[in-house]
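# Understanding the architecture of this molecule
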Amino acid sequence: MSITVAKLDSSINPFDSWQSLALSLYMTLAGYAVLVGVPVISSAWVNLLGFSEVQVGRVAGADLGGLSVGAVATSLIISHISRRQLILIGILIAVLSNAACISITSYEYVLWLRFLAGFGSGLITATAVSCLGACSKPALAFNAMLFAFAFSQAAEMHFLPMLSMQNIYLTFIICFLVIIPFVHVIPDLKGKEIMKLRVNQGNKLLGSNDNSVPKYVIWLCLLAIVITYVNIGAYWTYIELAAAKDDTDPEWVGKVLTWSSLFSLIGCLFATFLSNRFGLLRPLLVTLICQASIVGLLALGITNVTVLISVFSFNFLWIFIDVYQMSTIANFDKIGKYSSLMPGAQGLGQIIGPNLSASILGYQLGYSAVFVMCAIASCVAFCIYASLYFRFKR
C-alpha cells in the first residue's frame, strides 16, 4: 500500500512500511557515521592533518555537538514541518560542509565546518530516529538500528584507515547523497497527525502509557543519556590515541577496534533476551557499573591485553546501554518528539566528553585521568537510573 493511501486510513501506521523503516535505519547509520568512527577519524586528524590531541577533542566535540544542536532543532520543529524537507535541508548542510573540509584544513575553520556538518547530520539523524520511534514497535526498530550499527562500525574501523582525509569526507558525502532518490518513502505526517493516528489505533502502540508517566521521568532519562555519552564520547575519541601513547601495537589495536564492533552483535541479542526476562532498568543498572569498571581499568595502565579486554567489553556494554535507554524512552513517546531528542542528548554528551578530556590533557593530567572521568560519568548515570528504579518499585 502506498504511503499516500496509508495516510488516508487511520487504522494503518505508515511508519510501519518496510520502505520507511529501511530508509530510516540507513539514515541513522549515515548520520551517526562520525560518532561510531571517531577513533579512526581522530587518528586521521592527528596523522593526516597534524592536529594536536587537544585540538582533536575540540573538533570531535564540535562535530558531535553540531549533531546535538541539529537534533534539538528537529525536536522543536518536527511537528510543524515536513520530515522530507528536514531531511533534504540536513543533506544540503552536511554535504556542503564536508565538501568544504576537503580543501580547507586549517584548525580554526575545520572546527566550525565540522560543527555545521554535525548540525546537518543531526537534522537527518533525529528525523530518522523519530520515524523509528513513531512506528508501532519502536523498541524493536531501535534494536534493529543498533544491530545494524555493529556492521557499520566494523566497516568504518576497517576501511576508513585506508583512506586519505579527503576521501573520508567524500565517503560521508556519498552516503548522504544516496538518501535523496528515496526520501519520498518517508511519510509526510506531522506530530498532531501521528498523535491522531495512534489514538485511532485504539492506543495499542507502545506509547499509549505516555499520560501515566510524569514528564520529568523522560527528561531524567535524557539527562542520563547525556551523562552516559560523556563517558562514551571521551573513551571512544581517545582510545586509539591513548593506546598509541602507551606503545601498544598499532596493528593489534586496529584489529581489536574492528572485531570488537562485530562483538556488539552479541551484546544486542543478549540485551534483548535479558530485557524480556528482567525488564529494562535492572539490566541497565548492572551494565553501567560494569562499564565504569572496564573504562576505569585503563587508568591503571594500557597494554595489549587491557586494550583487548576493555574495548571488547566496552562495545558489548555500549549496545546494552543504548538498547535499554532507547527502549525506555520509546515506551513513553507517542509522536517521536522525545525520540528525536535522543540524538541531541547523545550529541551533547559527545560535546562534553571530548572537550572535558581535551582540557584534562591540556592540564597534563594524562590519559589515566581521562579514563577515571569516564568511570565517574558512568557511575553518575547509574545513580540517576537507580533513583528511578526505586521510585517506581515502590
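The structure reproduced in this document is the subject of the present report. Note that the coordinates shown come from a computational prediction; the quantities given were computed from them, not determined experimentally. Within any chain, residue numbers begin from 1 and follow the written order of that chain's sequence. Reporting of local features is limited, given that this is a predicted model, to residues whose pLDDT is at least 70; pairs of side-chain atoms are given and counted only at 80 or more, and all residues count toward the totals for whole chains, interfaces and linings. Water and hydrogen atoms were dropped before computing side-chain values, which therefore reflect all heavy atoms in the structure.

## Digging into the overall build of the protein chain
The way it works is that DSSP assigns letters per residue, a run of H or I at least four long becomes a helix, a run of E at least two long becomes a strand, and they are numbered from the N terminus. Scanning the protein chain from N- to C-terminus turns up 15 helices and zero strands. Between buried and exposed lies partly exposed: a residue is buried under 20% and exposed over 50% of the maximum accessible area for its type, with that area taken using a 1.4 Å probe on protein chains only. Here the protein chain, with 394 residues, has 58% of them falling under the buried criterion. In the protein chain, the proportion of contacts linking residues at least 24 apart, taken out of those at least 6 apart, comes to 87%. For the protein chain, the accessible surface area stands at approximately 15500 Å², while carbon and sulfur atoms represent 69% of it. The criterion used for residue contact is that any of the two residues' heavy atoms lie within 4.5 Å. Shrake-Rupley sampling with a 1.4 Å probe provides the accessible areas, and residues are treated as covered by the protein chains on show and by no other component.

## Some details on empty space enclosed by the protein
Rolled over the atoms, a probe with the dimensions of a water molecule shows which regions are left empty. Both cavities and pockets are sets of points on a 1 Å grid over the protein atoms alone; in a cavity a 1.4 Å probe fits but cannot get out, in a pocket the set is open with protein on both sides within 12 Å along at least five of seven lines, and lining residues sit with an atom within 4 Å of a point. Grid points are joined across faces, edges and corners, and a volume is the space filled by probe spheres set on the points. Within this structure, the stated rule accounts for four cavities of 30 Å³ or more. The computed volume of the largest cavity comes to approximately 120 Å³. Around the largest cavity, the lining comprises 14 residues; the ones closest to its centre are Leu35, Val36, Phe149, Trp318 and Asp322. Among the secondary structure elements, those contributing two or more residues to the lining of the largest cavity are α3 (33-49), α7 (138-159) and α13 (304-330).

## Overview of the pattern of salt bridges
Here a salt bridge means any side-chain nitrogen of Lys or Arg lying within 4 Å of a carboxyl oxygen belonging to Asp or Glu. Tallied over the entire structure, the rule returns two salt bridges. The salt bridge partner of Arg114 is Asp63, with a shortest N-O separation of 2.9 Å. In this pair, Arg114 sits in helix α6 (residues 107-133) while Asp63 sits in helix α4 (residues 53-77), placing the two residues 51 residues apart along the sequence. The same class applies to Arg114 and to Asp63, which are both buried. Across the pair Lys255 and Glu251 runs a salt bridge, and its minimum N-O distance is 3.6 Å. In this pair, Lys255 and Glu251 are both assigned in helix α11 (residues 250-278), four residues apart and thus about one turn of the helix distant. For Lys255, a relative accessible area of 46% puts it in the partly exposed group.

## Re a nonpolar patch on the surface
A cluster of nonpolar side chains, namely Leu170, Ile174, Val178 and Phe182, defines an oily patch on the protein surface of about 340 Å² accessible area. Within the secondary structure, Ile174 sits in helix α8 (residues 165-177). The residues that make up patches have over 30% relative accessible area and no salt bridge, and they are joined within 9 Å when like-charged or within 5 Å when they are Val, Leu, Ile, Met, Phe, Trp or Tyr.

## So, the environment of Ala134
Relative to the helices and strands, Ala134 resides in the loop between α6 and α7. Separated by 119 residues in sequence, Ala134 and Phe15 have C-alpha atoms that sit 6.4 Å apart.

## Remarks on the environment of Ala369
Its location among the elements puts Ala369 in helix α15 (residues 366-393). Here Ala369 falls in the partly exposed class, since its relative accessible area comes to 24%. Considering only alpha carbons, one finds Ala369 and Ser357, twelve residues apart in sequence, at a separation of 8.5 Å.

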